[in-house]
Amino acid sequence: MKQPMVFFDIDGTLLNEDKVIPDSTKKAVRLLQEKGVHTVIATGRVPKMFSWIQKELNISSFISMNGQYVVYEGQEIYANPINPELLQSISTLTANKGHALAYCSHDDFKVSKENHPFIESSFDSLMMPYPIVDDSFYINRPIFQGHLYCNHEDKYQYDDHFPDLDFVKWHDYAYDFLPKGASKAVGIRKLLEFVDINHENCFAFGDGLNDSEMLSMIGTGIAMGNGVPEAKAAADLITTTSSKHGILNGLIQVGLLEKDAAAEYVNEAI
């Protein structure tokens, strides 16, 4: 039987609330790799935003931008850009309403407005600086995901205007937008088809709204203790929080790692 794959969300999963990788998570990922288990990042982020995590954890395969752009061992295997006409329409509407966008390509991302409070608040939550502004970034290049920055009440008008897009909340004032039906689960299926591994033999960790499809479709979905209710409901089991050795604990729970892997953390309420 082929070795399983384990898919890891980033924010609230691989990273704790301080946006660092806990030592127990680094150890858990390393032990998996030493056993020959495939480790894969599955995130809503743009690749540029997590290259440092790839390097630190020695992970070369990823599902990025909520399944829109998939790479296996450095090779692009799936790319699903958003229709340029949709991008033009939503750009015009947000500009008219004083809202803002981010445009996410496979190698970079830019935002449409300077000094927008919702962009600032959203990137502060990621502990990242305000992005570079370029309101024409979406023209003549593939854009796989966007961010819509607006308040909760205004978001519904975008649902009505753009039935071919899904809007997924990731911050109080920020929504990923994607082609209808796109998700991490779709990207995972593309990768598993490419490597010919059955999803029933695979595992996924996540905590957010955008992890729900992934956690429900995979063989064993593991929600973080700090996860939203929707992620926990979709999962097969719930581990501890990202700061309380959630990755290590979850891998022990499902039998991918042995209990003695946690020995050095036993005094930290593992």
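These numbers come from a predicted model, not from an experiment.

A. Focus on the sheet that holds strand β4 (residues 69-72). If you trace the eight strands from one edge of the open sheet to the other, you get β5-β4-β3-β2-β1-β11-β12-β13, paired in mixed fashion. Because the sheet does not close on itself, it has two edges, and the strands there are β5 (75-79) and β13 (237-238). Here strand β1 (residues 5-8) pairs with strand β2 (residues 38-42) via four bridges, running parallel. Each bridged residue has a counterpart across the sheet, and for Phe8 the counterpart in β2 is Ile41.

B. Region of the structure containing the packing of aromatic side chains. Here the structure, examined in full by the defined rule, presents ten aromatic pairs. Between Phe8 and Phe205, the ring centres sit 5.4 Å apart and the planes meet at 15 degrees, which makes this aromatic pair stacked. Of this pair, Phe8 sits in strand β1 while Phe205 is found in strand β11 (residues 203-206), placing the two residues 197 residues apart along the sequence. Taken as a pair, Phe8 and Phe205 share a single burial class, namely buried.

C. Expanded view of the pattern of salt bridges. Taken as a whole and assessed by the stated rule, the structure comprises twelve salt bridges. Overlapping salt bridges bring together Asp9, Lys184 and Asp211 as one network.

D. The arrangement of helix α4 (residues 117-125) in detail. Looking at α4, one finds that the buried residues are Phe118, Ile119, Ser122 and Phe123. Projected down its long axis, α4 shows its buried positions confined to an angular sector of 120 degrees, all on one face. Phi for Met127, located one or two positions after α4, is positive at around 55 degrees.

E. Region of the structure containing the environment of Glu264. Looking at the element boundaries, Glu264 is found in the segment after α9 (246-253). Separated by 124 residues in sequence, Glu264 and Asn140 place their C-alpha atoms 52 Å apart.

F. The sheet that holds strand β8 (residues 145-149), seen in detail. The strand order across the open sheet formed by five strands is β7-β6-β8-β10-β9, and the pairing between neighbours is antiparallel. The two strands at the open ends of the sheet, each matched to only one other strand, are β7 (109-111) and β9 (165-171). Across the sheet, the mean angle separating the axes of adjacent strands is 25 degrees when strand polarity is ignored. Across six bridges, β9 lies against strand β10 (residues 174-179) in antiparallel orientation. Residue pairing across strands places Leu165 opposite Pro179, the latter belonging to β10. Sitting on the sheet, helix α3 (residues 84-97) touches β6 (100-104), β8, β9 and β10, and the angle it makes with β6 is about 155 degrees. Contacts from helix α5 (residues 152-161) reach β8, β9 and β10 within the one sheet, and its direction differs from that of β9 by about 165 degrees.

G. Region of interest: the side chain of Asn66. Checked against the element boundaries, Asn66 lands in the loop between β3 (61-64) and β4. Classification of Asn66 by relative accessible area gives buried; the value is 3%. With near-sequence residues (within four places) excluded, Asn66 lies in contact with Thr43, Gly44, Gln145, Asp176, Leu178, Ala182, Ser183, Lys184 and Asn210.

Each value, and the rule that gives it
- Residues numbered from 1 in each chain as written.
- Predicted model: local features only at pLDDT ≥ 70, side-chain atom pairs only at ≥ 80, totals over all residues.
- Heavy atoms only, no water.
- Pairing = 2+ DSSP bridges.
- Helix = DSSP H or I, 4+ residues; strand = E, 2+ residues; numbered from the N terminus.
- Phe/Tyr/Trp six-rings, centres within 6.5 Å; stacked < 30°, edge-to-face > 60°.
- Buried < 20%, exposed > 50% of the residue type's maximum accessible area, 1.4 Å probe, protein only.
- Salt bridge = Lys/Arg side-chain N within 4 Å of Asp/Glu carboxyl O.
- Arc of directions from axis to C-beta.
- Axes fitted to C-alpha atoms, helices over the stretch in contact; angles between N-to-C directions.
- Contact = heavy atoms within 4.5 Å.

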